[in-house]
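# Coordinate inspection notes
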Number of protein chains: 2
Amino acid sequence: MAQHYKLNYFHTRGQGEPIRFLLSYGQVPFEDNRIEKERWPQLKRQIPFGQLPTLEVEGKEAHQVVAICRYLAKQFGLAGRDDIEAAQIDAVVDTINDLRTKLMSIYLAPDLTSKEKLRQQILDETLPYYLSKFDELIMENNGYLVGGKLSWADLFLISYYENFGVIAQRDVFRDYPYIHLLKENVHGIPAIENWIKTRPFSAF
Amino acid sequence: MAQHYKLNYFHTRGQGEPIRFLLSYGQVPFEDNRIEKERWPQLKRQIPFGQLPTLEVEGKEAHQVVAICRYLAKQFGLAGRDDIEAAQIDAVVDTINDLRTKLMSIYLAPDLTSKEKLRQQILDETLPYYLSKFDELIMENNGYLVGGKLSWADLFLISYYENFGVIAQRDVFRDYPYIHLLKENVHGIPAIENWIKTRPFSAF
């Protein structure tokens, strides 16, 4: 495949990492363009809806992380065997995204007291609610989130592993045996293993 | 198509309405199951990830409104002519959903003062930001959000017309000539026109 991919994002894992996981999995070379914070305000105005990540592909600039991941998943055979399975994968991905949004909402709380209260509630209730459901799904689906085989939902979830841990300040997957196993399996895919080993260090 | 569709949602437009728009557009009969609030706490435990809407189709229960809409859009030829166009539609839909989430966040503010402050900020800044971008897209795309022809992104946006108006307490599309025209065109599709004329009344 002669396709040229250029990912535009910040120098963090964040919302770029699911895309980097997919590009690594697909074993296609890609330009991992990490935009310096100082250049961002000026660039923001030129970008559709002013948000990163974007992916330049086929002369177009795709935006929205989930849409970009789905596009790549189709190219690499990770988007389900039919429309129903594609919809099941999509639903799990949107649910992972719901969890991510709730975790990130901690940072949007207007003051320290409400931040700490929200943090406790999300770590004690929201996170276990979602993770136990994901654990069940993986148990029922032969070690994967959907359809008994690897899909982009698996890469999407596992790509957030470190950052969920940063927010919770612990290994959030450790208490969920099936998610933990999925993480080990995804990290064991040679192309992903190589990506993790060689990616530039960032705190988030 | 002998397919049987059953939509499970509350007696509101809300997150059910984009699905009802798509099912109406596809001219397939569907069961519009509206769950009474009193029955919800008991039902919630039986539903994947405890959230409505769900769509029962092909003996499965699909969840997540965007995933359900995309599935239906594929059945009805509204999901783009290739993977790139599908990704463009997906990105616009996720962006509409970002706007919807921001609008709904007004209801989650912890107290009346912060609610009013957030409300003003969202109505004065966030809403015009997104709507002017959508207006531009429609201007550039021959009257539609993507690809110069009707896609499920158009039905998705217009299905929220009344509820965005309820939140803002005015006709939010009126100042955006291209969105306004898209609304008129979508409402003028005979199957959608018929749905709007015959749907059960609800405040939201």
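Read on for an overview of the structure. Remember, it's a predicted structure, so these values are computed and weren't measured experimentally.

Conventions adopted
- Residues numbered from 1 in each chain as written.
- Chains lettered and ligands numbered in written order.
- Predicted model: local features only at pLDDT ≥ 70, side-chain atom pairs only at ≥ 80, totals over all residues.
- Heavy atoms only, no water.
- Buried < 20%, exposed > 50% of the residue type's maximum accessible area, 1.4 Å probe, protein only.
- Helix = DSSP H or I, 4+ residues; strand = E, 2+ residues; numbered from the N terminus.
- Arc of directions from axis to C-beta.
- Contact = heavy atoms within 4.5 Å.
- Salt bridge = Lys/Arg side-chain N within 4 Å of Asp/Glu carboxyl O.
- Polar contact = N/O pair within 3.5 Å; in protein donor to acceptor, adjacent residues only side chain to side chain.
- Nonpolar A, V, L, I, M, F, W, Y, C, P; charged D, E, K, R; others polar.
- Pairing = 2+ DSSP bridges.
- Axes fitted to C-alpha atoms, helices over the stretch in contact; angles between N-to-C directions.
- Phe/Tyr/Trp six-rings, centres within 6.5 Å; stacked < 30°, edge-to-face > 60°.
- Lys NZ or Arg CZ within 6 Å of the ring centre and 35° of its normal.

Right, let's get into helix α9 (residues 190–198) of chain B. Residue and element names in this part refer to chain B. By the burial criterion, the buried members of α9 are Ala191, Ile192 and Trp195. Projected onto a plane normal to the axis of α9, the buried residues spread over an arc of 100° and lie on a single side. In α9, the exposed residues that point more than 90 degrees away from the buried face are Pro190 and Lys197. The elements touched by buried residues of α9 are α1 (17–25), β2 (30–35), α6 (152–159) and α8 (177–187).

Glancing now at the environment of A:Gly147. Residues and elements named next belong to chain A. With respect to the element layout, Gly147 can be found in the loop between α5 (112–140) and α6 (152–159). Taking the C-alpha atoms as reference, Gly147 lies 29 Å from Lys197; in sequence the two are 50 residues apart. The residues contacting Gly147, other than those within four sequence positions of it, are Arg81, Glu85 and Asn141.

Facing 30 residues of chain A, the contacting portion of chain B comprises 30 residues. Our count for the chain A to chain B interface comes out at 2 salt bridges. Its salt-bridge partner being A:Arg70, residue B:Asp90 comes within 2.8 Å of it at the nearest N-O pair. If you look at where chain A meets chain B, you find 12 residue pairs in polar contact (both at pLDDT 80 or more). When residues of the side of chain A that touches chain B are traced back to their parent elements, those giving at least two are β4 (60–63), α3 (65–75), α4 (83–104) and α5 of chain A. Ranked by residue count, the leading element in the side of chain A that touches chain B is α4(A), at 10 residues. Grouping the constituent residues of the side of chain A that touches chain B by class yields 14 nonpolar, 7 polar and 9 charged.

Now for the side chain of A:Gln64. With respect to the element layout, A:Gln64 can be found in the loop between β4 and α3. At a separation of 3.0 Å, a polar atom in the side chain of A:Gln64 contacts the side chain of B:Asp98. Those residues within four positions of A:Gln64 in sequence are excluded, and the remaining contacts are A:Gln51, A:Pro53, B:Ala91, B:Asp94, B:Thr95 and B:Asp98.

This part takes up the sheet that holds β4(A). All names here are of chain A. In space, the 4 strands of this open sheet follow the order β2-β1-β3-β4, with mixed pairing throughout. Looking at the sheet topology across the chains shown, the edges are occupied by β2 (30–35) and β4. Within this sheet the neighbouring strands show an average axis-to-axis angle of 20°, counted without direction. In this sheet, β4 lies alongside strand β3 (residues 54–57) in antiparallel orientation, the contact comprising 4 bridges. Note that in β4 the partner of Val57 across the bridge is Lys60.

Glancing now at the packing of aromatic side chains. In the structure shown here, the tally under the stated rule is 22 aromatic pairs over all chains. Between the aromatic rings of A:Trp152 and A:Phe156, the centroid separation amounts to 6.3 Å while the plane-to-plane angle is 85°, which identifies the pairing as edge-to-face. Taken together, the residues span about one helical turn, with A:Trp152 and A:Phe156 both in helix α6 at a distance of 4 residues. Judged by relative accessible area, which is 1%, A:Trp152 ranks as buried. Residues B:Tyr130 and B:Phe134 carry aromatic rings whose centres are separated by 6.4 Å and whose planes lie at 40° to one another, so their mutual orientation is tilted. Taken together, the positions of B:Tyr130 and B:Phe134, both in helix α5 (residues 112–140) and 4 residues apart, correspond to about one turn of that helix. Assigned by exposure class, B:Tyr130 and B:Phe134 land together as buried. The rings of A:Phe49, B:Tyr129, B:Tyr130 and B:Phe134 are connected pair by pair, giving a single aromatic cluster. Taking NZ or CZ as reference, A:Lys37 lies 4.6 Å from the ring centre of A:Phe10, over its face.

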